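Tertiary structure, described
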Amino acid sequence: MPELVEIMDWAGEPLTAALLGLLTGGIFGVAAQRSRFCLRAATVEFARGRLGDRVAVWLLTFSTALVWVQAGRLLGWIDTDEARMMAVPGSWSGAILGGVIFGIGMVLARGCSGRLLVLAATGNLRSVVSGLIFAVVAQMSLAGYLAPLRDYLAGLWITSGGRNLDLLAAFGLPDWSGLALGLGMAALALGVALQNRIGAARLIFASGVGFAVALGWGLTSGLAQVAFDPVQIESVTFTGPSARMLMFFLDRASVLEFDIGLVAGVFGGAMLAAALAGEMRIQAFDGAVTMRKAMIGAALMGFGGMLAGGCAIGAGVTGGSIFAGTAWLALFSMWVGAVLTDLLVDQRGVAASA
């Protein structure tokens, strides 16, 4: 990629990586804000027996990421074999436990970590507070007082062979099967969207969220090919990047990287999209009960996301798009945790107050 070489010659590798993250995050932020993409909202609809617009948006985002990433892999544009998520052992126990914990947390907090960042950019103070708690607990789980517990739980059951499990290879499926699955899911998503009469603009933005995930994979793959120092092949996720963004402002020794640009790009993109749509407004907590639930939920997401190896985006879409075994298991566990929490907490609370 000669363009990346020119940018690196001008800006250096750290700033180049951050700029690529800024571009990826900006597209994600705009698309996520306009499509109202959120795994929590989709799981709540599902728990209440509906395949509504939020489920359609989530399915279209996930399928778009699958299509673009798998097509890029077949064309040699994306090197998923050397992706950070694939090149290290995965944790089955972490995916199960962390996924369930994260799912519980995102229902209590009324949004997954990515959705909280997008809402915070529009003036939602509940999301600002919850996002800060999420980042602090994620950092504690990465390298602080919660790290030993996370390491213990993650080490209970790990993948064999020193790498994560490639589901396509494990099941002996042909290389094109991932692309075929993505196209099939896209058709299903469009069917649900038509049933719910979702407008074309929202569908395009939902696809844009999935495209941003593929773009992140492609840009970091390209950077890894031309950089002098080793570069991690990665894409959109929020657990680790939120923790690193927090430390970037607290530690003067921190350096620019893809994750820093990513978080800044999502925030800036979502703010721009909301401002242009006239949707910027200050929102606070509804009351003490909502505040407590949001704070507990954010803490659970911080620990659960780090234990699971990714958040609802990082594992649920980014990891899922490259068929990392633990990512698919974490995504399934998040759905389980979220559905059960909605059934036992939110729906029971509504019934009790009726």
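Further up the page is the structure itself.
All chains use their own residue numbering, which begins from 1 and follows the written sequence. Local features in this predicted model are restricted to residues whose pLDDT is 70 or higher, and side-chain atom pairs enter the listing and the counts only when it is 80 or higher, whereas totals over whole chains, interfaces and linings include all residues. As a rule here, side-chain values cover all heavy atoms of the structure and leave hydrogens and water aside.

1. Notes on the layout of surface pockets
Only protein atoms enter the 1 Å grid used here, on which a cavity is any set of points holding a 1.4 Å probe that cannot leave and a pocket is any open set flanked by protein within 12 Å on both sides along at least five of seven lines; residues with an atom within 4 Å of a point are listed as lining. Grid points are joined across faces, edges and corners, and a volume is the space filled by probe spheres set on the points. By volume, the largest pocket amounts to about 660 Å³. Among the elements of the structure, α5 (84-87), α9 (147-154), α13 (239-250), α15 (288-308), α16 (314-321) and α17 (325-353) are those that each provide at least two residues to the lining of the largest pocket. Only DSSP runs of H or I reaching four residues or more are called helices, and only runs of E reaching two or more are called strands; each is numbered from the N terminus.

2. With respect to the nonpolar core
Counting residues in each nonpolar core, the largest one holds 88 residues, and the members touching the most others are Phe28, Leu39, Trp58, Phe102, Trp217 and Phe238. The leading source of residues in this core is helix α12 (residues 200-226), at eleven residues. Residues within four places of Phe102 in sequence aside, it is in contact with Cys112, Ser113, Phe134, Leu300, Met301, Gly304, Gly305, Cys311, Ala312 and Met334. Nonpolar cores were defined as sets of buried Ala, Val, Leu, Ile, Met, Phe, Trp, Tyr and Cys residues, with membership established by side-chain atoms within 4.5 Å. A 1.4 Å probe rolled over the protein chains alone gives each residue an accessible area, and that area as a share of the maximum for its type sets the label: buried under 20%, exposed over 50%, partly exposed in between. We call two residues in contact when some of their heavy atoms are within 4.5 Å.

3. Things to note about the packing of helix α7 (residues 113-120) against helix α14 (residues 258-276)
Any two packed helices are characterised by the angle at which their axes cross and by the distance between the axes. Orientation is described by lines fitted to C-alpha atoms, with helices fitted over the stretch in contact, and by angles between N-to-C directions that extend from 0 to 180 degrees. Where α7 meets α14, the axes come as close as 7 Å, and the angle between the chain directions of the two elements is 50°. Judged on the interaxial angle alone, α14 and α7 are oblique. Classified by chirality, the crossing of α14 by α7 is right-handed. Contact with α7, carried on its side by Leu117, Val118 and Ala120, involves Val263, Val266, Phe267 and Ala270 of α14 and no other residues of that element. Note on angle classes: values under 35 degrees are labelled roughly parallel, values over 145 roughly antiparallel, values of 65 to 115 roughly perpendicular, and the remainder oblique. Less than a right angle of anticlockwise turn of the near helix away from the far helix marks a crossing as left-handed, whereas a clockwise turn marks it as right-handed.

4. Some remarks on the packing of aromatic side chains
Ring geometry is summarised as follows: Phe, Tyr and Trp rings, the Trp one being its six-membered ring, pair when their centres sit within 6.5 Å, and such pairs are stacked at plane angles under 30 degrees, edge-to-face over 60 and tilted between the two. Applying the stated criterion to the full structure yields nine aromatic pairs. Between Trp58 and Trp335, the aromatic rings sit 5.6 Å apart at their centres with planes inclined by 80°, giving edge-to-face as the arrangement. Of this pair, Trp58 sits in helix α4 (residues 53-74) while Trp335 sits in helix α17, placing them 277 residues apart in sequence. Judged by centre distance (5.7 Å) and plane angle (80°), the rings of Phe248 and Phe249 are edge-to-face. Relative accessible area serves as the criterion here: at 26%, Phe248 is assigned to the partly exposed category. What makes Phe249 exposed here is its relative accessible area of 65%.

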